[in-house]
Amino acid sequence: MRILGIDPGLRNMGWGIIDSAGSRLSFVANGVVHSEGADLADRLCSLHRQLTEVLREHAPQTAAVEQTFVNKDGASTLKLGQARGIALLVPAQFGLSVGEYAPNKVKKTVVGVGHASKEQIKHMVKMQLPGADVKSADAADALAIAICHAHHHKYDQLLLKTGS
């Protein structure tokens, strides 16, 4: 299964794609889309256009997005939420199911602790995806989200099959 992980951001939206076959994960691609434009609407359109191109090029079968954490600045949280809307919308437009994961769950799944640093995440992503050329911290986070989805999606599918 080809999985797209997305780390939402209004300026920089990280994306990472992995293939999952059984317990084996392999690196496909990663990068960052950068918003362009003077106003919020233009920036959101730019993110939509670029993320759409990523999906067209790599044809993932499922996607996962990091949930937004609420910070002290309400305006910043709202803008991040709008970018997150693009991150949810684009895969949905391609007919993909989209998993959502809290940042601590992603970190705990990939690193083993829920409060891992960006460097720890990047290091563990490279360990779990040999040969991965991680473009940035945002892309590393996106790959971590994809890894998290690979592990939890399999578990969820097992539960559905067993009826538990």
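So, how was this worked out
Residues numbered from 1 in each chain as written. Predicted model: local features only at pLDDT ≥ 70, side-chain atom pairs only at ≥ 80, totals over all residues. Heavy atoms only, no water. Helix = DSSP H or I, 4+ residues; strand = E, 2+ residues; numbered from the N terminus. Rg over C-alpha atoms; globule rule 2.2 N^0.38 Å. Contact = heavy atoms within 4.5 Å. Areas by Shrake-Rupley, 256 points an atom, 1.4 Å probe, with all protein chains shown as cover. Lys, Arg positive; Asp, Glu negative; His and termini not counted. Charge placed at Lys NZ, Arg CZ, Asp CG, Glu CD. Salt bridge = Lys/Arg side-chain N within 4 Å of Asp/Glu carboxyl O. Buried < 20%, exposed > 50% of the residue type's maximum accessible area, 1.4 Å probe, protein only. pLDDT = per-residue confidence, 0-100. Axes fitted to C-alpha atoms, helices over the stretch in contact; angles between N-to-C directions. Left-handed = near helix turned anticlockwise from the far one by under 90°. Nonpolar A, V, L, I, M, F, W, Y, C, P; charged D, E, K, R; others polar.

Trainee: Please explain the overall build of the chain as it appears in this structure.
Mentor: Across its full length, the chain holds five helices and five strands. In sequence order, the chain lays out its α and β elements as β-β-β-α-β-α-β-α-α-α. Against the globule reference of 15 Å for 164 residues, the chain gives a C-alpha radius of gyration of 15 Å, in line with a compact fold. Across the chain, contacts joining residues at least 24 apart in sequence account for 60% of those joining residues at least 6 apart. Total accessible area on the chain stands at roughly 8500 Å², and carbon and sulfur atoms take up 54% of it. Once the 18 positive and 15 negative side-chain charges of the chain are each reduced to a mean point, those two points are 5 Å apart.

Trainee: Honestly, the pattern of salt bridges in this entry has me stumped. Any pointers?
Mentor: It is possible for side chains bearing opposite charge to pair when their charged atoms get close. If you walk through the whole model with that rule in mind, you get five salt bridges. A salt bridge links Lys-118 to Asp-141; the nearest nitrogen and oxygen atoms lie 2.4 Å apart. Linking Lys-118 in helix H4 (residues 118-128) with Asp-141 in helix H5 (residues 137-162), this pair joins segments that are 23 residues apart in sequence. For Asp-141, a relative accessible area of 7% gives the class buried. Salt-bridge contacts for Asp-133 lead to Lys-135; the nearest nitrogen and oxygen are separated by 3.0 Å.

Trainee: Teacher, can you tell me more about the confidence of the model for the chain here?
Mentor: Mean pLDDT over the chain: 90, with 91% of residues reaching 70 or higher. Mean pLDDT across the elements of the chain bottoms out in H5 (78) and peaks in strand E1 (residues 2-7) (98). In the model, residues 157-161 has pLDDT below 50 throughout and makes one contact with residues more than four positions away in sequence or in other chains.

Trainee: Is there a simple way to explain the packing of helix H1 (residues 40-58) against helix H2 (residues 74-93) in this structure?
Mentor: Between two packed helices, what matters for the description is the angle formed by their axes and the separation of those axes. In contact at an axis separation of 9 Å, H1 and H2 are set at 35 degrees when each is read in the N-to-C sense. The element H1 and its partner H2 pack so that their crossing is right-handed. For the pair H1 and H2, contact is made by Leu-40, Leu-44, Leu-47, His-48, Leu-51, Thr-52 and Leu-55 and by Gln-82, Ala-83, Ile-86, Ala-87, Leu-89, Val-90, Pro-91 and Gln-93, respectively. Tallied by class, the residues present in the contact of H1 with H2 amount to eleven nonpolar, four polar and no charged.

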